[in-house]
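As a plain string of letters, each chain reads:
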Amino acid sequence: AVVSTQSTGYGLQLVAGLEDMARGDYGKATDALGKVVPPLLSELQGSKSQKSVFSIILAHCAVMSGDSVHLNAAMEHLEAIRIKNKAERLLPLQQRLVNKINRNH
């Protein structure tokens, strides 16, 4: 299989964001993942449910950061995914994260 330089770059950025999350630095994780998850989703193959894992991790980090900028960005990201998927509503786990975001605002 051929791996593009762009894909490798996304992978490295994704790992960096996940490492930030593992250290409990949710603000830094949200910043890192917020840059890589949207373009990564357009490159990845897989089902909508499989791809949603990355969006859920991003939204979780935003909730844990408690920062209003991160919370707003996560809401916008989840809504963009819903629209792109032509879905009437979010997946149940995504909706629970939106509910948490709304409570933290």
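Since the model is a prediction, treat every value here as computed from it, not as a measurement.

Caption draft 1: Region of interest: the side chain of Ser 55. For Ser 55, the location among the structural elements is in helix α3 (residues 48–65). Beyond its immediate sequence surroundings of up to four residues, Ser 55 is in contact with Val 37, Leu 41, His 77, Leu 78, Ile 81 and Gln 94.

Caption draft 2: Examining the pattern of salt bridges more closely. Counted according to the given criterion, the structure contains two salt bridges. A salt bridge links Asp 20 to Arg 23, with the nearest nitrogen and oxygen atoms 2.4 Å apart. Close ionic contact of Arg 82 with Glu 79 constitutes a salt bridge, the shortest N to O distance being 2.5 Å. Taken together, the residues span about one helical turn, with Arg 82 and Glu 79 both in helix α4 (residues 68–84) at a distance of three residues.

Conventions used here
Residues numbered from 1 in each chain as written. Predicted model: local features only at pLDDT ≥ 70, side-chain atom pairs only at ≥ 80, totals over all residues. Heavy atoms only, no water. Helix = DSSP H or I, 4+ residues; strand = E, 2+ residues; numbered from the N terminus. Contact = heavy atoms within 4.5 Å. Salt bridge = Lys/Arg side-chain N within 4 Å of Asp/Glu carboxyl O.

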